[in-house]
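Chain by chain, the residues:
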Amino acid sequence: MRYQFCQYVTIVDMNEEILSEVLFEHGEFESNSLSIGSSVVIYQLGLKQFEVVYDKREGKTVRNKVVDIEIDLIKQPTITRVFMEPVRLIVGQHDIGEVE
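Attention here is on the structure that accompanies the text. (Residues numbered from 1 in each chain as written. Predicted model: local features only at pLDDT ≥ 70, side-chain atom pairs only at ≥ 80, totals over all residues. Heavy atoms only, no water.)

## Some points on the overall build of the protein chain
In terms of helices and strands, the protein chain carries zero helices and six strands. Counting from the amino terminus, helix and strand elements in the protein chain follow one another as β-β-β-β-β-β. Dimensions of the protein chain, computed from C-alpha atoms along their principal axes, come out at roughly 40 × 30 × 25 Å. The burial tally for the protein chain puts 32% of its 100 residues in the buried class. Partitioning the intrachain contacts of the protein chain with sequence separation of at least 6 by distance along the chain shows that 57% fall at a separation of at least 24. As displayed, the protein chain offers around 6,700 Å² of accessible surface, 50% of which is attributable to carbon and sulfur atoms. In the protein chain, 10 positive and 17 negative side-chain charges are present, and the distance between their average locations comes to 5 Å. (Helix = DSSP H or I, 4+ residues; strand = E, 2+ residues; numbered from the N terminus. Buried < 20%, exposed > 50% of the residue type's maximum accessible area, 1.4 Å probe, protein only. Contact = heavy atoms within 4.5 Å. Areas by Shrake-Rupley, 256 points an atom, 1.4 Å probe, with all protein chains shown as cover. Lys, Arg positive; Asp, Glu negative; His and termini not counted. Charge placed at Lys NZ, Arg CZ, Asp CG, Glu CD.)

This is the structure in structure tokens:
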């Protein structure tokens with residue numbers, strides 16, 4: 001089955017003030033049947049200025065739990081979105097610079 005993986009990301013400053021909230025789309029992946037509570041291993045997220053990006057440096061993978069699965073029956077073809085647990089990124093602390 002084809003799934004679209006998404007994750008809500010809250011970007012805050014050093015004083016925990018919310019600067020923005022975005023829905024980061026990891027992309028579409030083919031997978032066996034998933035359920036809420038399943039774990040997904042993916043690259044850790046980081047910031048390039050205020051843009052959410054993957055942190056692909058060595059050892060920067062993370063395990064996220066699936067917290068919701070949404071099936072949109074209105075759109076054709078049907079879209080199944082998988083939401084992983086939300087993350088909070090701190091400007092200045094989660095910046096990855098220009099490393100790819």
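And the narrative resumes.
## Notes on the pairing of strand β1 (residues 2-12)
Burial of β1 is extensive: nine of the 11 residues sit out of reach of the surface. Counted along the chain from β1 to the antiparallel partner strand β2 (residues 18-30), the turn is five residues long, and its residue Glu16 has a positive phi close to 65°. Here eight bridges tie β1 to strand β6 (residues 79-90), and the two strands are oriented parallel to one another. Bridging across to β6, Thr10 finds its partner in Arg88. (Pairing = 2+ DSSP bridges.)

## Remarks on unusual backbone geometry
Residue Pro77 is reached from Gln76 by a cis peptide bond, and omega for that bond is 0°. By secondary structure assignment, the location of Pro77 is in the loop between β5 (61-72) and β6. Although it is not a glycine, Glu16 adopts a positive phi angle of roughly 65°. Assignment of secondary structure puts Glu16 in the loop between β1 and β2. Non-glycine residue Gln49 carries a positive phi angle of around 60°. Considering the arrangement of structural elements, one finds Gln49 in the loop between β3 (39-48) and β4 (51-55).

## Looking at the sheet that holds β3
In space, the six strands of this open sheet follow the order β2-β1-β6-β5-β3-β4, with mixed pairing throughout. In the strand order of this sheet, the two ends are held by β2 and β4, each with one partner. The sheet shows a mean angle of 40° between the axes of neighbouring strands, taken without regard to direction. (Axes fitted to C-alpha atoms, helices over the stretch in contact; angles between N-to-C directions.)

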